[in-house]
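Structure assessment
Given next are the chains, with one letter for each unit.
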Amino acid sequence: MAKKSRKGGQGTPATVALEASAVPFTVHAYDHDPAAASYGGEAAEALGVTPERVFKTLVADVDGTLTVGVVPVAGQLDLKALAAAVGGKRAAMADPAAAERSSGYVRGGISPLGQRRPLRTVVDASALGHPTVYVSAGRRGLEVELAPADLVALTGAHTAAIAR
């Protein structure tokens with residue numbers, strides 16, 4: 001996997017953060033269908049990769065603190081497991097407007113990378129079983145592929161079983 005530069009107006013805070021790092025990554029663009037039932041499922045199909053390798057970024061409220069859960073698009077975020085992973089008691093999905101304000105991205109395009117205000121992040125442990133994973137590059141129709149260990153390091157995340 002080669003380090004890619006911004007081309008064709010694809011620069012987002014996520015790709016800018018990746019370019020500033022020494023991490024190898026690949027940007028993958030596809031034609032986003034606004035009528036798609038699942039943004040992550042659409043990405044997996046468009047890119048020809050298994051849904052277990054494509055991860056969605058979800059923002060939850062854990063005991064009053066916004067927290068990011070990164071889980072495979074093939075599954076769902078287990079809110080109880082996310083709360084436990086960060087030492088919290090209760091978790092609920094964050095208000096979409098609060099998630100957008102905090103991250104600087106729009107729903108369906110929230111990336112765990114390059115967020116306006118970095119949030120504590122937990123990446124599902126299943127990511128470590130793949131040589132590379134795909135996460136949003138900060139815009140619908142744009143994914144970035146990188147090693148899961150690099151994703152964890154760049155986001156300051158830790159891993160835990162948070163998907164069901």
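Please refer to the structure higher up on the page.
Residues numbered from 1 in each chain as written. Predicted model: local features only at pLDDT ≥ 70, side-chain atom pairs only at ≥ 80, totals over all residues. Heavy atoms only, no water.

Formed by 27 residues in total, the largest nonpolar core has its most connected members in Val59, Val135, Val144, Leu146 and Leu151. Leaving out residues up to four positions away in the same chain, Val135 has contacts with Phe55, Val70, Pro112, Leu113, Glu143, Val144, Leu146 and Leu151. Core analysis: the second largest hydrophobic core is formed by eleven residues, Ala60, Val62, Leu82 and Ala160 among them. (Core = buried A, V, L, I, M, F, W, Y, C linked by side-chain atoms within 4.5 Å. Buried < 20%, exposed > 50% of the residue type's maximum accessible area, 1.4 Å probe, protein only. Contact = heavy atoms within 4.5 Å.)

Moving on: the pairing of strand S7 (residues 142–146). Side-chain direction in a regular strand flips from residue to residue, so the side chains alternate between the two faces of the sheet. Buried residues dominate S7, accounting for five of its five residues. Every second residue of S7 is oriented toward a common face, with Leu142, Val144 and Leu146 on one face and Glu143 and Glu145 on the other, all of them buried. Two elements, strand S1 (residues 26–29) and S7, share four bridges in a ladder whose sense is antiparallel. Bridging from a neighbouring strand, Thr26 pairs with Glu145 of S7. Two strands pair when backbone bridges link them, and strand S6 (residues 133–139) and S7 are joined in this way by five bridges, in the antiparallel orientation. (Helix = DSSP H or I, 4+ residues; strand = E, 2+ residues; numbered from the N terminus. Pairing = 2+ DSSP bridges.)

With a phi angle near 50°, Asp63 is a residue other than glycine that sits in the positive phi range. Tracing the sequence through the fold places Asp63 in the loop between strand S2 (55–62) and strand S3 (65–72).

Read across the sheet, five strands follow the order S4-S2-S3-S5-S8 without closing on themselves; strand pairing throughout is mixed. Each edge of the open sheet carries a strand with a single partner, namely strand S4 (91–93) and strand S8 (158–160). Here the strands of the sheet are splayed against their neighbours by 35° on average, with no regard to which way each runs. Bridge count for strand S5 (residues 120–124) against S8 is three bridges, and the pairing is parallel. From the neighbouring strand, Asp124 faces S8, where its bridge partner is Ala160. (Axes fitted to C-alpha atoms, helices over the stretch in contact; angles between N-to-C directions.)

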